[in-house]
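Analysis of the macromolecular model
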Amino acid sequence: MKSYAGKILRINLSDGRVSREEISEEMRKKFLGGRGFAAKILWDEVKGVDPLTDGNKIVFSTGPLSGLPLPSSGKMVIASKSPLTGGYGDGNIGSMAALHLRRAGYDVLIVEGKSESPCYIAIQDEKVEILDARDIWGMMTFEAQDNLEAKHGRNVGILLIGPAGENMVRFATVISQRGRAGGRPGMGAVMGSKNLKAVVVRGTGEIPVFDKGRLREMGREGYAEIKGKENYDFWVRQGTMQVFEWCNENSCLPTYNFREGSFRFSKQLDGYALEGVKVDRKGCPLCNMQCGNIIKDAENRDSELDYENVGMLGPNIGMDDLRKVGVLNRLADEYGLDTISMGSCLGFLMEASEKELIEARIEWGDFDACKKAIEDTVGKRGLGEIIFEGVRKASERVGGDSWDWAMHVKGLEVSAYNCHACPGMALSFGTSPIGAHHKDAWVISWEISTDRFSYSKEKVEKVIELQRLRGGWFESLTTCRLPWVEVDFGLHWYPKYLEAARGDGITQEEISELGDRIYTLIRSFWIRENRSWSREMDYPPSRWFEEPLNEGGLKGYTLDRARYDEMLSRYYEMRGWDEIGIPQKETLEGLGLGDVISVLGKNG
Amino acid sequence: MSSQSLGKMAEFRFLGYIAEIFGKKRVRISLGNLRKLRDILEVEFPEDRCIVLINQRVGNFDSLIRNGDKVVIMPMISGG
């Protein structure tokens, strides 16, 4: 089977050992790559450890299409046991590191143990070094990128952390190329806990593929098809920022800590406002629909905006100036903080302040106070002491009724979609395998186009279908889903790409089974690592059930808890999980996960 | 297509690249009788990539529109 470098590179930072292992044919068949590989490795190797100790491992994983000359394929997955949620955590990131790792001869890099002092890993093909990083420890991510490029040249891939990761802020991310970010559930904190500042990789080989000519030709056709799409030009202008107006119209915009779904000042922040201040675009390698919108922020620095960070650092905290949102976003990128969780934490603090649950005052839309709170989060002082472990822990500290409006699922902050009147999207958040993130199933558009208020069986089926495609297929290939989801690039291309790359095809049934296998394995990881697992862990925040929208066209709407519960039961049934969401023995056997059975207790 | 400023009219709004196709973000039109949305707007939209909401409820290009209706046509997008 081609299109794999065929090797895992394993580096132990405690003793400096470096080893290389073959990736078995069975592993490639059953788990494909990317997220599939990561989930399998973490299931096998990370058991019952504190995520911020040397027993945890961090996995950098590519897929069989990563780095090939195909649309938006410059991607990889970074996964670990999450210090934010205590469960499986991952994120994908667009980076030259994905290409270079594969060209260096590795599909996967596993880092384990802990270095005694700050270090970084430098890989050049066969040569692997663990180098001193004391001179760059403490540096912001952009500056550290510059420093490492000065040392190793610009023709490298770099993944690194900022001060947030070093200080183990639980929602610290990994950053690449000055603004590409990945690993929301604290993947940057895991690197920090290992004293690992960066991974620098350069590969000079060629990724082996089955039919190079056909692949290149089909890649060219794919790029051309994308450019010819009728909404391509609009995408180039606004990117994901077109979602802002759409969400505001549909009462889905995160506003005032998700109290509301529309924002009075939305026109100051939407895609058209962006067009007025945009100076450039930026994106991942091998992509011809770059999604990063560069603006000059209120401090005249470049800031890369997309919908999620504007949603969460704009209306969610009552901020009505796009250039100021740009500053907060850029600070988060420089410190290496997740912008979604940071926005949620700031919204949480503002509401806690308004309700006088904390002594300090931080008003909605207070720009200077937000800047200070971000800096204090990284330093774990002042207001930062309350929120550096995310809103779930913050609500334990603050008390009162804050549990109801700490906007998270399983400890991961909800990304930028208000679900007061979107039961399907609420289920997507509730059952996402990393906590409340949108990448696995973004069902809102479909649900609004059908019947947004229903809790139907079809809606549950749609969530699972999207989870299979987005969370299973794309995350494991590993390529970006945006060409498909944003400009309607044909899904039929991907099995053809895989066949040309690997030499063997894949059927629709196998794609679905792959997604189900990965989901069930990740679910099993959660169960094993959380002995207090309960059905409530698949519930969205109480706010959406208990507090109606006060403004907009859907004033008065909430989710219905009993009907959500019915949907959840149906979801479990379709997945072959029991009444509290634990995979059943027959399901595990059917998916070839027999080794999981004995671990899961009564069901196994 | 007739557009008047007097009387109770139907309102049509367009989001995202659908507004580019129509050429405006908003238009108000006075309708004599109930008319199909498709016949009122006289523009070819990518119908399978559109969401039509009429007074906040799901409709389609065959839905009948009357004066006073508020119609929003927006793209099917998939949110990052």
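Residues numbered from 1 in each chain as written. Chains lettered and ligands numbered in written order. Predicted model: local features only at pLDDT ≥ 70, side-chain atom pairs only at ≥ 80, totals over all residues.

Within chain B, the regular secondary structure consists of two helices and seven strands. The helix and strand sequence of chain B, counted from the amino end, reads β-α-β-β-α-β-β-β-β. A buried classification covers 26% of the 80 residues belonging to chain B. The long-range fraction of contacts in chain B, counting pairs at least 24 apart against all pairs at least 6 apart in sequence, stands at 60%. (Helix = DSSP H or I, 4+ residues; strand = E, 2+ residues; numbered from the N terminus. Buried ≥ 20, exposed ≤ 12 C-beta atoms within 10 Å, placed from the backbone. Contact = placed C-beta atoms within 7 Å.)

Okay, the environment of R28 of chain B next. Residues and elements named next belong to chain B. Mapped onto the secondary structure, R28 falls in strand β2 (residues 26-29). You can call R28 partly exposed: it has 15 C-beta atoms within 10 Å. The spacing of R28 and D39 is 11 residues in sequence and 15 Å in space, taken between C-alpha atoms.

Right, let's get into the sheet that holds strand β13 (residues 278-282) of chain A. Residue and element names in this part refer to chain A. Spatial strand order, β13-β14-β15: three strands in an open sheet with antiparallel pairing. Strand pairing shows two members of the sheet lacking a second neighbour, β13 and β15 (302-305), which therefore form its edges. Pairwise comparison of adjacent strand axes, ignoring direction, gives a mean angle of 35° for this sheet. Here β13 pairs with strand β14 (residues 292-296) via four bridges, running antiparallel. Its bridge partner lying in β14, K282 is registered against G292. Docked against the sheet, helix α12 (residues 322-335) engages β14 and β15, running at close to 90° with respect to β15. (Pairing = 2+ DSSP bridges. Axes fitted to C-alpha atoms, helices over the stretch in contact; angles between N-to-C directions.)

Counting residues at the interface gives 17 residues for chain B, matched by 24 residues for chain A. For the side of chain B that touches chain A, the secondary-structure elements that each account for two or more residues are α1 (17-22) and β7 (70-75) of chain B. The element best represented in the side of chain B that touches chain A is β7 of chain B, accounting for three residues.

Residues and elements named next belong to chain A. Its domain assignment divides chain A into domain 1 (7-202), domain 2 (233-411) and domain 3 (424-488 + 507-603). A C-alpha centroid distance of 26 Å is found between domain 1 and domain 2. Listed per partner, the contact involves 34 residues of domain 1 and 26 residues of domain 2. The set of elements that each furnish at least two residues to the side of domain 1 that touches domain 2 consists of α3 (96-103), α4 (141-152), α5 (163-166) and β11 (180-182). Considering every element that reaches the side of domain 1 that touches domain 2, the biggest residue donor is α5, with three residues. Taken together, the residues of the side of domain 1 that touches domain 2 break down into 16 nonpolar, 14 polar and four charged. (Domains from an automatic or database assignment. Nonpolar A, V, L, I, M, F, W, Y, C, P; charged D, E, K, R; others polar.)

Residues and elements named next belong to chain A. Counting residues in each nonpolar core, the largest one holds 213 residues, and the members touching the most others are A198, V199 and L349. Of the residues forming this core, the biggest block, nine residues, is contributed by helix α23 (residues 508-529). Not counting the four nearest positions on each side in its chain, A198 is found in contact with Y120, A133, A144, L148, I158, L159 and L160. (Core = buried A, V, L, I, M, F, W, Y, C linked by C-beta atoms within 7 Å.)

All names here are of chain A. Strand order in the open sheet made by the six strands is β2-β1-β6-β3-β4-β5, with mixed pairing throughout. Strand pairing shows two members of the sheet lacking a second neighbour, β2 (18-22) and β5 (88-94), which therefore form its edges. Strand-to-strand, the axes of this sheet are offset by a mean angle of 20°, without reference to chain direction. Where strand β3 (residues 57-61) lies against strand β4 (residues 75-81), four bridges are found, and the strand directions are antiparallel. In the sheet register, V59 faces β4, and the bridge partner there is A79.

Residue and element names in this part refer to chain A. Burial along strand β9 (residues 157-160) is two-sided: the residues G157 and L159 and I158 and L160 are all buried. Pairing of β9 with strand β12 (residues 196-202), which is carried by four bridges, proceeds in the antiparallel orientation. When the sheet's bridge partners are listed, L160 is paired in β12 with A198.

For a regular strand, the rule is simple: side chains alternate between the two faces of the sheet. All names here are of chain B. Most of β7 is tucked away: five of the six residues are buried. Relative to β7, strand β1 (residues 10-14) runs parallel, the two sharing four bridges. Directly across from F12, in β7, lies its bridge partner V71. One ladder, built from five bridges, connects strand β4 (residues 50-54) with β7; its direction is antiparallel. Its bridge partner lying in β7, I51 is registered against M74.

Once that is clear, we can look at helix α16 (residues 390-398) of chain A. All names here are of chain A. For α16, the full list of buried residues reads G390, V391, R392, A394, S395 and V398. On its buried face, α16 sits against α13 (339-354), α15 (384-387), α17 (402-405), β16 (408-409) and β17 (412-413). Positioned one or two residues after α16, G399 has a phi angle of 75°, which is positive.

All names here are of chain A. Close contact between α12 and helix α14 (residues 367-379) brings their axes to 10 Å; oriented N to C, the two are set at 5°. On the basis of the axis angle, α12 is roughly parallel to α14. Of the residues in α14, those in contact with K324, V327, L328, L331, A332 and Y335 of α12 are F367, C370, K371, I374 and V378. For the contact of α12 with α14, a count of residues per class yields nine nonpolar, no polar and two charged. (Parallel < 35°, antiparallel > 145°, perpendicular 65-115°, else oblique.)

With that settled, consider unusual backbone geometry. Peptide bonds are mostly trans, and most non-glycine residues show a negative phi. All names here are of chain A. In the segment running from L477 into T478, the intervening peptide bond is cis, with an omega of -15°. Structurally, T478 can be placed in the loop between α20 (457-477) and α21 (482-487). Positive phi, close to 65°, is recorded for S3, a residue that is not glycine. Look at S3 and you get buried, because 27 C-beta atoms sit within 10 Å. Unusually for a residue other than glycine, D488 sits at a positive phi of about 65°. For D488, the location among the structural elements is in the loop between α21 and α22 (493-502).

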